[in-house]
Amino acid sequence: MVTTAEAIDYKGKKVEFPLEYAAENEIPDEELHEHLAKPSTERTKRLKARCRWKHASAGEFVEKGVCAGIERMRLLTEAHKASEGKPEVMRRALGLANILNKCTVVLQDDEFIIGYHAEDPNMFPLYPELAYMAVADYLITDYAPQPVEEAREIMDYWVPYSMQSKCEHYFDPEDLQRMYQVSTMEAPGFATGYNSIVPPYETVLEDGLLKRIELAEANIQMAKDKMAEMPWDATKGLAWLDKIDNWEAMILVDKAVIAWARRHARLCKIVAENFETDPKRKEELLEIADINQRVPAEPCKGLKDAFQAKWYTYLLCHAIDRYASGMAHKEDTLLWPYYQNSVIDKSFQPMTHADVVEMVEMERLKVSEHGAGKSRAYREIFPGSNDLFIISLGGTLPDGSDACNDMTDAILEATRNIRTTEPSLMFRYSKKGRSKTKELVFGCIRDGLGYPSIKHDEIGVQQMKEYGKFSTEGKGATDEEAHNWVNVLCMSPGIHGRRKTQKTRSEGGGSIFPAKIMEVTLNDGYDWSYADMQLGPKTGNAEDFNTFEKLWEAFKVQYQYAASLVIRCKDTLRYFEGKFLQMPFVSSIDDGCMELGRDACELSEQPNGWHNPITTIVAANSLVAIKKLIYDEKKYTMKQLMDALKANWDGFEEMRKDFKNAPKWGNDDEYADAIIKDFYEDIIGGEMRKITNYSGGPVLPVGQAVGLYMEIGSRTGPTPDGRYGGEAADDGGISPYMGTDTKGPTAVLRSVSRVQKNQKANLLNQRLSLPIMRSQHGFNVWHAYMDTWHDLNIDHVQFNVVSTAEMKAAQKEPEKHQDLIVRVAGFSARFVDIPTYGQNTIIARNEQEFGAEDYEFIDADL
Amino acid sequence: MTTYGEHKNFFAIPEDADDFEPGKGDFVVQVRDEKGTYWLSKPVFADQEITAEDLQLSK
């Protein structure tokens with residue numbers, strides 16, 4: 001039977017923890033999560049049962065039949081060959097238009113939101129124009145596009161035109177080889193093709209694309225009139241040429257998008273009138289046809305319009321024009337006007353709140369079917385999922401009031417009902433947020449989804465304001481616009497709305513790995529344990545550091561080398577994106593690009609520079625152990641430590657115990673926390689902040705570990721924190737190392753709250769006691785914990801609420817645990833799809849029990 | 001030789017459509033697999049020879 005929490009004495013009374021749902025008393029711990037999914041309708045039950053999941057595990061697709069399609073790369077190449085000599089932005093527009101005009105369109109039975117990004121719902125597209133290495137990877141697998149010979153020809157054709165070739169030329173091959181090890185630095189975006197974006201959905205839904213075409217046409221006319229003014233002034237007049245090209249490209253793609261959507265409408269009508277035998281579905285198909293005939297050409301009038309227009313925009317920005325991870329948008333705010341029309345006023349597409357919940361469930365299943373054409377390395381770093389999809393909710397509106405609404409609630413209800421790993425949610429936590437919505441947030445967390453992850457609303461707003469100050473265009477976020485932020489990927493805030501959004505990952509994204517940097521810092525920049533090569537500058541051997549400060553300075557040099565190189569790679573890519581990888585569709589839906597006649601890749605109105613230090617705590621705990629045992633207590637020499645590390649602690653067991661037992665992060669330990677606070681603020685954030693990126697702003701750390709904490713752990717030798725070589729690293733930007741936070745949940749909060757300066761976002765993973773969370777006191781405990789977290793000014797937190805018993809049972813009989821979901825790092829995954837190495841890192845996380853002193857600290861009302 | 005235009009699954013594009021061209025149509029097929037059924041539509045021309053793959057799909 002399910003385990004319940006033990007009673008405690010608290011504030012002079014005995015507090016019991018009976019389960020919130022008494023029926024769970026009859027369910028064994030080992031199978032609890034198999035009883036929690038409750039699709040709200042028969043349709044969503046059917047859709048979930050037949051969902052074409054595209055999860056990957058250890059780089060392999062879990063389900064049979066998933067493979068790359070050839071259609072996109074074929075049509076893009078055909079257009080590129082035919083458009084030689086035209087302006088580059090027009091070539092990009094013709095490429096997208098050719099794809100949309102000639103691609104196969106897909107309609108699946110039972111679905112209401114329609115559209116897919118490949119020629120078959122079991123396929124996904126590839127992107128040879130980005131990185132030929134990422135395509136080459138597929139050609140040698142069972143997932144190769146067919147015919148593979150044609151795919152190879154296409155890849156070869158793109159080699160000289162690809163972003164990879166254009167950028168590589170400007171880097172020292174030795175530096176690139178170091179990056180390709182993916183051990184101190186992530187490989188450059190121009191070699192991986194990995195990308196992210198925040199599409200300005202708002203203009204598509206509010207204006208419709210016909211309006212955007214009108215705007216571009218008017219701008220072209222205005223430009224031509226200006227150019228015709230006499231006397232001619234070349235210093236001003238020639239600037240219109242590029243702008244006219246950009247506006248013409250926008251018009252071309254918007255017309256193609258409208259025609260593509262209407263092809264979907266026509267397919268629905270053809271099926272309804274010629275093939276469908278079920279009168280109810282026939283009627284529905286005609287309704288879908290009507291919607292797709294109108295949107296995204298026209299403004300959305302009801303909620304069904306909005307879901308469909310949003311879906312097309314998502315497919316275009318994340319999969320068809322260019323690959324981009326994420327699903328960054330503020331869904332509750334974006335859809336609220338249409339919810340009002342359809343549910344409250346019933347003025348268009350009338351429906352009930354329950355109907356909205358079904359729509360959200362259907363959208364979530366569409367996302368779950370999405371196939372991402374990522375390279376093997378990027379499939380490996382999101383084990384158990386198909387890609388990163390993070391939707392933002394809650395927070396505050398531009399006037400500072402609570403942004404939660406009934407659409408927020410519908411999204412949360414649907415999320416809890418349908419129980420899928422994708423898309424993940426992020427909730428902007430403000431004390432102004434209404435309790436009703438917070439209870440729904442808690443419901444998802446308590447049920448073990450691992451999301452919503454929680455971000456501090458006010459910190460996000462302040463960051464948007466701060467970054468806005470650096471705008472080279474003088475158009476940074478206003479105080480009101482600063483409230484319009486979403487997570488770009490797992491963690492980083494960025495503006496959403498009609499303009500100023502992040503358009504490419506070269507602004508923010510990519511990783512750097514302090515654990516491995518620590519290892520090479522001890523070895524004069526050399527990697528002895530994995531690549532057997534020089535990975536950084538020569539900064540001396542550990543034995544030569546006769547003070548802790550010398551070690552500190554050497555690390556700083558290694559870190560600055562890596563940070564500057566990775567950002568230089570991103571900015572070089574950004575430079576070429578603006579010249580050869582323009583995104584005229586995105587430009588057409590961005591008010592800034594439309595007004596100024598500039599491309600979305602090139603224009604930056606709101607700086608949003610960030611980069612991810614991942615595995616920071618292994619490095620930080622190592623510094624603490626070294627300082628204590630070598631420099632302060634002088635119990636060991638650096639020579640002894642280096643001998644022990646080179647032996648992977650073999651023969652040095654007692655010494656390892658000392659290093660393992662040295663103070664660790666997350667225990668409210670003043671000695672450890674003082675060193676680690678300085679490490680974060682002076683080096684991790686401070687050194688990064690010295691860099692100025694493409695947009696003219698500083699770069700700040702966003703610690704979001706994804707699955708890289710496993711990969712980097714496997715490539716990092718033994719470390720002075722007592723870790724063996726090859727063991728996983730820490731699983732969040734600022735999370736305690738697994739199993740080492742032993743002083744309770746509030747001690748973790750006190751440690752983490754010490755880091756406040758030079759950070760943009762840091763992921764904090766916590767595993768909370770399942771019996772407490774599922775008890776009648778669960779919400780009150782969580783709510784009090786969250787308010788304390790908020791008061792401590794911590795940026796982020798997310799939770800696993802799942803028992804060790806159930807995870808171990810799932811390891812033994814995975815087929816019986818298909819609905820067991822866990823939070824890995826910045827994403828959730830189906831537990832059974834995660835490789836055992838990764839599963840064990842989740843099990844090893846300390847399940848935080850609340851003691852009386854914790855309840856007192858958070859002032860829980862029990 | 002069978003052309004798309006002769007096939008029952010060929011549907012001429014209406015003249016008022018954005019992508020209308022004389023002779024152009026949608027070739028629509030239903031596919032069934034272990035997950036369920038779905039419809040595919042691709043643009044073709046009536047006088048174009050139908051591919052063996054499309055012929056198979058349309059059965």
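Because the structure is predicted, anything quoted here is derived from the model rather than measured.

1. Quick word on the overall build of chain A
Tallying secondary structure elements over chain A gives 36 helices and 23 strands in all. Whereas a compact globule of 862 residues would reach a radius of gyration of roughly 29 Å, chain A reaches 27 Å, a difference of no more than 12%. By principal-axis analysis of the C-alpha atoms, chain A measures approximately 80 × 65 × 55 Å. Restricting the contact set of chain A to residue pairs at least 6 apart, pairs at least 24 apart contribute 78%. Per element, the accessible surface of chain A, about 27,600 Å² overall, is 51% carbon and sulfur. Taking the 103 positively charged and 134 negatively charged side chains of chain A as two groups, their mean positions are separated by 2 Å.

2. Focus: the pairing of strand 8 (residues 390-394) of chain A
Residue and element names in this part refer to chain A. Counting buried positions along strand 8 yields five of five residues, so the element is predominantly enclosed. When strand 8 meets strand 9 (residues 424-429), the two strands line up parallel, connected through five bridges. Considered in strand 9, the bridge of Gly394 is made with Arg428. In the classification by handedness, the crossover that spans strand 8, the intervening helix 18 (residues 406-418) and the parallel strand 9 is right-handed.

3. Observations regarding empty space enclosed by the protein
Residue and element names in this part refer to chain A. Summed over all chains, the structure comprises twelve cavities of 30 Å³ or more. Here the largest cavity defines a volume of roughly 140 Å³. Around the largest cavity, the lining is made up of 17 residues, and of these Ala187, Pro188, Gly189, Gly510 and Lys570 lie nearest the centre. Every element with two or more residues in the lining of the largest cavity is listed here: helix 8 (189-192), strand 13 (508-512) and helix 22 (548-580). No other element matches the four residues that helix 22 contributes to the lining of the largest cavity.

4. Here we look at the pairing of strand 3 (residues 36-45) of chain B
Within strand 3 of chain B, eight of the ten residues are buried, which leaves the element mostly enclosed by the surrounding structure. Sheet analysis places strand 6 (residues 105-108) of chain A next to strand 3 of chain B, joined by four bridges and oriented antiparallel. Within the sheet, the bridge partner assigned to A:Val106 lies in strand 3 of chain B and is B:Leu40. Where strand 2 (residues 24-33) of chain B meets strand 3 of chain B, ten bridges bridge the pair, whose relative direction is antiparallel. Directly across from B:Val31, in strand 3 of chain B, lies its bridge partner B:Tyr38. In this structure, the hairpin formed by strand 2 of chain B and strand 3 of chain B is closed by a connection of two residues.

5. Details of the side chain of A:Asn693
Residues and elements named next belong to chain A. Its place among the elements puts Asn693 in the loop between helix 29 (686-689) and strand 17 (700-703). When its relative accessible area of 6% is taken as the criterion, Asn693 is described as buried. Side-chain polar atoms of Asn693 contact the side chain of Glu507, separated by 3.1 Å.

6. With respect to the layout of surface pockets
In this structure, the largest pocket occupies an estimated 850 Å³ of space. Contributing to the lining of the largest pocket are 33 residues, with A:Glu71, A:Arg74, A:Thr104, B:Lys42 and B:Glu53 lying nearest its centre. When residues of the lining of the largest pocket are traced back to their parent elements, those giving at least two are strand 5 (67-68), helix 2 (71-82) and helix 3 (88-102) of chain A together with strand 2, strand 3 and helix 1 (52-57) of chain B. For the lining of the largest pocket, the element with the most residues is strand 3 of chain B, which contributes six residues. Residues belonging to the lining of the largest pocket are distributed by class as follows: 15 nonpolar, seven polar and eleven charged. Its volume calculated, the second largest pocket comes out at about 510 Å³.

7. Overview of helix 16 (residues 353-368) of chain A
For helix 16 of chain A, spanning 16 residues, the distance from its first C-alpha to its last is 23 Å, which sits close to the expected 22 Å at 1.5 Å a residue. Most of helix 16 of chain A sits out of view: 13 of its 16 residues are buried.

8. Thoughts on the confidence of the model for chain B
All names here are of chain B. For chain B, the average pLDDT comes to 95, and 100% of its residues sit at 70 or higher. Between the elements of chain B, mean pLDDT differs from a low of 91, seen in helix 1, to a high of 98, seen in strand 1 (residues 10-12). This prediction of the complex comes with two scores: 0.97 for pTM and 0.99 for ipTM.

9. A word on the packing of aromatic side chains
Think of a pair of aromatic rings as described by two things: how far the centres are apart, and how the planes are tilted against each other in angle. Residues and elements named next belong to chain A. Considering all chains together, one arrives at 41 aromatic pairs over all chains under this definition. Centre to centre, the rings of Phe442 and Phe779 are 5.8 Å apart; their planes meet at 65 degrees, and the pair counts as edge-to-face. Placement of Phe442 in helix 19 (residues 435-446) and of Phe779 in helix 33 (residues 778-791) is noted, with a sequence separation of 337 residues between them. As far as burial versus exposure is concerned, Phe442 and Phe779 are alike and both buried. Consider the rings of Tyr785 and Phe850, whose centres lie 6.1 Å apart with planes at 80 degrees: the pair is edge-to-face. Of this pair, Tyr785 sits in helix 33 while Phe850 sits in the loop between strand 23 (847-848) and helix 36 (852-858), placing them 65 residues apart in sequence. Both residues of the pair, Tyr785 and Phe850, belong to the buried class. Each member of the aromatic cluster is reached from another via a ring pair, and the members are Tyr10, Phe17, Tyr785, Phe799, Phe850 and Tyr855.

10. Quick word on the packing of helix 4 (residues 132-139) of chain A against helix 5 (residues 148-158) of chain A
Residue and element names in this part refer to chain A. Interhelical geometry of helix 4 versus helix 5 gives an angle of 165 degrees and a closest axis separation of 10 Å. With respect to helix 5, the axis of helix 4 lies roughly antiparallel. As for the relative orientation of helix 4 and helix 5, their crossing is left-handed in sense. Touching Tyr132, Val135, Ala136 and Leu139 of helix 4 are Val148, Ala151, Arg152 and Met155, all from helix 5. Looking at side-chain class alone, the contact of helix 4 with helix 5 contains seven nonpolar, no polar and one charged residues.

Calculation criteria
- Residues numbered from 1 in each chain as written.
- Chains lettered and ligands numbered in written order.
- Predicted model: local features only at pLDDT ≥ 70, side-chain atom pairs only at ≥ 80, totals over all residues.
- Heavy atoms only, no water.
- Helix = DSSP H or I, 4+ residues; strand = E, 2+ residues; numbered from the N terminus.
- Rg over C-alpha atoms; globule rule 2.2 N^0.38 Å.
- Contact = heavy atoms within 4.5 Å.
- Areas by Shrake-Rupley, 256 points an atom, 1.4 Å probe, with all protein chains shown as cover.
- Lys, Arg positive; Asp, Glu negative; His and termini not counted.
- Charge placed at Lys NZ, Arg CZ, Asp CG, Glu CD.
- Buried < 20%, exposed > 50% of the residue type's maximum accessible area, 1.4 Å probe, protein only.
- Pairing = 2+ DSSP bridges.
- Right-handed = clockwise from strand over helix to strand, strands pointing away.
- 1 Å grid on protein atoms, 1.4 Å probe; cavity = no way out; pocket = protein on both sides within 12 Å on 5 of 7 lines; lining within 4 Å.
- Points joined across faces, edges and corners; volume = space filled by probe spheres on them.
- Polar contact = N/O pair within 3.5 Å; in protein donor to acceptor, adjacent residues only side chain to side chain.
- Nonpolar A, V, L, I, M, F, W, Y, C, P; charged D, E, K, R; others polar.
- Expected span 1.5 Å × (residues − 1).
- pLDDT = per-residue confidence, 0-100.
- Phe/Tyr/Trp six-rings, centres within 6.5 Å; stacked < 30°, edge-to-face > 60°.
- Axes fitted to C-alpha atoms, helices over the stretch in contact; angles between N-to-C directions.
- Parallel < 35°, antiparallel > 145°, perpendicular 65-115°, else oblique.
- Left-handed = near helix turned anticlockwise from the far one by under 90°.

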